[in-house]
Amino acid sequence: GYSPSVVDDRRRRRYERRRIRHRLKLEGKMGGKHNRPPTWAEKLVQLDYGKVGAADAFMGNVNKDDDANNEASSSTTSFDEMDEDGYYGMLGGKRRGFLSRLLRQMARVPYRAMFGEYRKVEPGTLILVRHGESEWNANKTFTGWADPDLSPQGYREVEHAARLLLEGGYKVDVVFTSRLKRAIRSAFLLLQEYGEVYLPVFKSWRLNERMYGALTGLSKTETAELLGAELVQEWRGSLRSRPPALTPADKFYPGRDRRHADLSPDQLPLTESLLDCMERTKPVWLDKISYEIACGKNVLVVAHANTLRGLVKIIDGIGDDEIQDIAIPTGIPLVYNFDSDLNPIPPTSDQKTVSQVHMKGIFLEKPGLLKQAIKREVEWCANVPDYEKVMSRSTKAAMSPLQRSLSKLQAEREVQDYAAQFADEGADEEEDDGTDGKLTLVEQDEDKVWEKGLNEIEDGEYFDPDHAKFDEDTALKDKTTLTDRDEEELIAPLYTANEPCVTAMPAAMAVPGLGPVPVKREALIVMIRHGKTENNKLGLFTGWDDVPLANDGVVEAKEAGKLLKLHGFEFDAVYTSWLSRAIETAWYVMDEMDCLWLPIIKSWRLNERMYGDLTGLSKAMVKQRHGEEQFMAWRRGYAVNPPPVSSFSPQYPGNDIRYTKYLKDVRISISETLIRSIESNKFSLHRKLPKSESLKDCMDRTIPFFTEQIMPEAINKGKRVLIASSENAIRGLLMHLCEIPEDKIAGLEIPNGLPLIFDMNSKCIKLLDDGSGEDPLEKYNFG
């Protein structure tokens, strides 16, 4: 999805009406205080998109003279926040023509008469996944809004979670995560294991972990030194207690972090109680996640322990006291199914899943099994040599992604069975790290919580007032109660505060003298062709075939990111295609620049040229079979189409779910609809997807996307843009930007992994000095 170029007032109101209907329905189910909502005519004029949430304005909850309501801005959603990370554009799409709108308006009356106000669809599934173990989890450090990366064990946990979902046959349509690296990377690893990195991923600050204030970055020893007896009186109870607040002078103050630059001072938390954190998540559930589920989409949320508990509290209607009994282990998906009113459906008995008290969601595996297996993995490898061979299978293995993932899952379970023999051995000797589900229940007496905590710290033990044990619901099956250590921000006696991972590193750190964050610069465009794939190395036509980067391509993308960071570049938005090689290139560039939190807008219009029946063939073979002249006409002719593919060819986009399910801005094909309907023995709409494209056809979709979407939504607003795409899509952009004539564009070569900086003033391309001393024009082939 992508943001539309012009969002007029009428479209905003139409968009808000859909959201308000949904939110009113939910708030009515959740016991809202208004018995009769006002009419549309009464309240639509009260919508104030810049200050309050649409539903609050509609419900009449906002009084602009009431300071109490203004202070609650962090729990309401403005229109700008609704469009956070391009979310509005996913639903908004392109503006329909007059005839289309007229026909839809005529059909609306009989449709509502037959089906009612809402389209009747089965609600989607909600999948909650806590990010894998982070480097600070392993160091027993309070993390909060600090930004450490995943630990090696965290990678394993996330990949294992993806394999559990694949085994269960769960599908994902849209992903929500936080703006913190450990959650964003976990989401990407999940989609990579799924083989669906093209899915939209939306990053919301409302899903960030609880803000731990002055405790952020403190180790166990430091906390013991800072805590005093006065804390017992200051922090009243575990649910509502707040740690000491940060100040603007603190190194972890989020107001200096560019990823949170769009938040108002009222929205930036300096400290939070557990209840504050849970309340912060409510708008993203009401306005986005639940809406997608109600529309029949399967939603994956990859976030943190406390924000996931906030969602669980809302979904299951759990009370303030009971929520402290809920634990969310790392690396184990929690799945919810819903009825037509979005009430969670209670789980049924299943020996492969685990449910927890107070909850209707199911965990796909018992907590602690994977961690035990990792501890015993070295011993298992010595006894079973084939294990290492199975676990090292990459995307290049001669098997499908599903086969590869399930073979690894089976191997992991064999290790789990082996490790289960030693589960209790030495359990009392090793300290828990917050991931294996062994946290004891918190005492509820307010003063005793902190008195007990201070004593534990002095004795060198763990103290955490927020989290509870994993208490398995035994109502469905008679099994031993499981416990789950849920806290991700524990403190350890032998570690001091961690200096890295404070914020996304500004360009000023790489290039001295550029000034404070954010470095203010005029709008710019950086284009980069994806790194090499195995098809590139073998000389094969690739087109819309979705091949991943080769190892060389990964290195090229990372080097490009390092070079851009070295020269002080920063970006505000990233655009890429629906093809894995372009998405992975953008990801590795952003990773090196430490800006994974940036919005990534993915569009099929930035895909490579569709090579039709040539896809997958060797260029040398095509030249030998059809002659040099025909080969060059197909490959470089501006308006010459290669031979088209068949409607039932595996190379035809109409047989790829990403295009049949998610592509909506192309007209319906009558012939393909007829063919598909006959083949499936039922009516099936099918859109007109390309069977082959000339260079002109490719540019006819790429250039309008740039001029109608990227320019008005980013460049004209002063944003700095990175575009990661394929050679022919970038050719189209350069043809437009540099005014290259048609007869010259076919001769232009675009090197892999090389950043091309377009100067908006001189309208020419600039290259960066990589420090090698070589002339880039001689080092690279530009045709």
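Note that the coordinates shown come from a computational prediction; the quantities given were computed from them, not determined experimentally.

### Concerning the overall build of the chain
The helix and strand tally for the chain stands at 30 helices and 13 strands. Burial status across the chain gives 55% buried among its 783 residues. Sequence-distant contacts, at least 24 apart, represent 78% of the contacts inside the chain between residues at least 6 apart. Of the roughly 33,800 Å² that the chain leaves accessible, carbon and sulfur atoms contribute 51%.

### Digging into the packing of helix α9 (residues 152-168) against helix α10 (residues 181-194)
The contact between α9 and α10 brings their axes to 9 Å, and the two run at 45 degrees. In terms of orientation, α9 and α10 fall into the oblique class. In the packing of α9 onto α10, the handedness of the crossing is right-handed. Between α9, through Tyr 155, Val 158, Glu 159, Ala 161, Ala 162, Arg 163, Leu 165 and Leu 166, and α10, the contact on the second element is made entirely by Arg 185, Ser 186, Leu 189, Leu 190, Glu 193 and Tyr 194. For the contact of α9 with α10, the class distribution of residues is nine nonpolar, one polar and four charged.

### A word on the sheet that holds strand β11 (residues 720-725)
Spatially, the six strands line up as an open sheet ordered β10-β9-β11-β8-β12-β13, and their pairing is mixed. If you trace the sheet from one side to the other, it starts and ends with β10 (600-602) and β13 (764-766), each paired once. The mean inter-strand angle of the sheet, taken between neighbouring strand axes irrespective of direction, is 25 degrees. Sheet topology note: the strand β8 (residues 524-529)/strand β12 (residues 755-759) ladder contains four bridges and is antiparallel. By the bridge assignment for β12, Met 527 is matched with Leu 756.

### Quick look at the confidence of the model for the chain
For the chain, mean pLDDT is 74; residues scoring 70 or higher make up 63% of the total. In this model residues 1-8 is a low-confidence stretch, pLDDT under 50, and it forms 33 contacts with partners more than four residues away in sequence or in other chains. Note on residues 460-468: pLDDT is under 50 here. Beyond four places in sequence and across chains, it has 51 contacts.

### Thoughts on the pattern of salt bridges
If you walk through the whole model with that rule in mind, you get 37 salt bridges. The salt bridge involving Asp 147 is made with Arg 259; its shortest N-O contact spans 2.9 Å. Residue Asp 147 is found in the loop between α8 (135-138) and α9, and its partner Arg 259 is found in the loop between α12 (230-234) and α13 (274-294); the two are separated by 112 residues along the sequence. Residue Asp 147 shares its accessibility class with Arg 259, and that shared class is buried. Asp 262 serves as the salt-bridge partner of Arg 179, at 2.8 Å between the closest nitrogen and oxygen. Taken together, the residues Arg 179 in the loop between β2 (174-177) and α10 and Asp 262 in the loop between α12 and α13 connect sequence positions 83 residues apart. Arg 179 sits in the buried class, given a relative accessible area of 5%. With a relative accessible area of 51%, Asp 262 lands in the exposed category. One network of salt bridges, with partners in common, ties together Arg 258, Glu 570, Asp 572 and Arg 720.

### A look at the sheet that holds β2
Spatial strand order, β3-β2-β4-β1-β5-β7-β6: seven strands in an open sheet with mixed pairing. Whereas interior strands pair on both sides, the edge strands pair on one side only; in this sheet they are β3 (201-203) and β6 (354-355).

### Some thoughts on the packing of aromatic side chains
Scanning the model with the defined rule gives 13 aromatic pairs in all. A ring pair is formed by Trp 136 and Phe 252, whose centres lie 6.0 Å apart and whose planes are at 85 degrees; its orientation type is edge-to-face. Placement of Trp 136 in helix α8 and of Phe 252 in the loop between α12 and α13 is noted, with a sequence separation of 116 residues between them. Taking the relative accessible area as the measure of exposure, Trp 136 reaches 2% and is therefore buried. Phe 252 gets classed as buried once you look at its relative accessible area, which sits at 11%.

### A short note on a nonpolar patch on the surface
A contiguous nonpolar patch, built from Leu 99, Leu 102, Leu 103 and Met 106 and spanning about 410 Å² of accessible area, is present on the exposed surface. The topology assignment puts Leu 102 in helix α7 (residues 98-115). Among the residues examined, Leu 102 registers a relative accessible area of 38% and is labelled partly exposed.

### Thoughts on the environment of Tyr 611
Structurally, Tyr 611 is set in the loop between β10 and α24 (619-636). The sequence separation of Tyr 611 and Leu 695 amounts to 84 residues, and the corresponding C-alpha distance is 9.7 Å. When neighbours within four sequence positions are excluded, Tyr 611 is seen to be in contact with Phe 541, Thr 542, Gly 543, Pro 642, Pro 643 and Asn 728. Here Asn 728 takes part through its side chain, which lies 3.2 Å from a polar atom of the side chain of Tyr 611.

### Points about the nonpolar core
Grouped together as the largest cluster of nonpolar side chains are 67 residues, with contacts concentrated most on Leu 190, Phe 569 and Phe 571. Those elements that provide at least two residues to this core are β1 (126-130), α9, α10, β4 (299-303), β8, α22 (551-566), α23 (580-592) and β11. Excluding residues within four positions of it along the chain, Phe 571 makes contact with Arg 258, Leu 524, Val 526, Leu 564, Met 593, Leu 598, Arg 720, Val 721 and Leu 722. By size, the runner-up hydrophobic cluster in this structure holds 35 residues, among which are Leu 286, Ile 314, Ile 326 and Leu 342.

### A few points about the pairing of β11
Among the six residues of β11, six are classified as buried, and the element is accordingly described as predominantly covered. Residues Arg 720, Leu 722 and Ala 724 point to one face of β11 and Val 721, Ile 723 and Ser 725 to the other, with burial holding for every one of them. Pairing of β8 with β11 involves six bridges; the strand directions are parallel. Counted as the bridge partner of Met 527 is Ile 723 from β11. One ladder, built from four bridges, connects strand β9 (residues 573-576) with β11; its direction is parallel. Following the sheet pairing, Tyr 575 is matched in β11 by Ile 723.

### Things to note about the packing of helix α27 (residues 695-713) against helix α28 (residues 727-737)
In the contact formed by α27 and α28, the axes pass within 8 Å of each other and the chain directions differ by 65 degrees. With respect to the hand of their crossing, α27 and α28 are arranged in right-handed fashion. When α27 is examined against α28, the residues Leu 695, Cys 698, Met 699, Thr 702, Ile 703, Phe 706 and Thr 707 are found in contact with a partner set consisting of Asn 728, Ala 729, Arg 731, Gly 732, Leu 733, Met 735, His 736 and Leu 737. When grouped by side-chain class, the residues that make up the contact of α27 with α28 number nine nonpolar, five polar and one charged.

### Considering the environment of Ser 684
Among the secondary structure elements, Ser 684 is positioned in the loop between α26 (670-680) and α27. Judged by its relative accessible area of 24%, Ser 684 is partly exposed. Placed ten residues apart in sequence, Ser 684 and Leu 674 show a C-alpha to C-alpha distance of 7.9 Å.

### Things to note about the side chain of Ser 577
Looking at where Ser 577 falls in the secondary structure, it is placed in the loop between β9 and α23. Under the relative-accessibility criterion, Ser 577 is labelled buried at 0%. A distance of 3.1 Å separates the side chain of Ser 577 from the backbone nitrogen of Leu 579, its partner in a polar contact.

Rules of the game
- Residues numbered from 1 in each chain as written.
- Predicted model: local features only at pLDDT ≥ 70, side-chain atom pairs only at ≥ 80, totals over all residues.
- Heavy atoms only, no water.
- Helix = DSSP H or I, 4+ residues; strand = E, 2+ residues; numbered from the N terminus.
- Buried < 20%, exposed > 50% of the residue type's maximum accessible area, 1.4 Å probe, protein only.
- Contact = heavy atoms within 4.5 Å.
- Areas by Shrake-Rupley, 256 points an atom, 1.4 Å probe, with all protein chains shown as cover.
- Axes fitted to C-alpha atoms, helices over the stretch in contact; angles between N-to-C directions.
- Parallel < 35°, antiparallel > 145°, perpendicular 65-115°, else oblique.
- Left-handed = near helix turned anticlockwise from the far one by under 90°.
- Nonpolar A, V, L, I, M, F, W, Y, C, P; charged D, E, K, R; others polar.
- Pairing = 2+ DSSP bridges.
- pLDDT = per-residue confidence, 0-100.
- Salt bridge = Lys/Arg side-chain N within 4 Å of Asp/Glu carboxyl O.
- Phe/Tyr/Trp six-rings, centres within 6.5 Å; stacked < 30°, edge-to-face > 60°.
- Patch = residues over 30% accessible without salt bridge, like charges linked within 9 Å, V, L, I, M, F, W, Y side chains within 5 Å.
- Polar contact = N/O pair within 3.5 Å; in protein donor to acceptor, adjacent residues only side chain to side chain.
- Core = buried A, V, L, I, M, F, W, Y, C linked by side-chain atoms within 4.5 Å.

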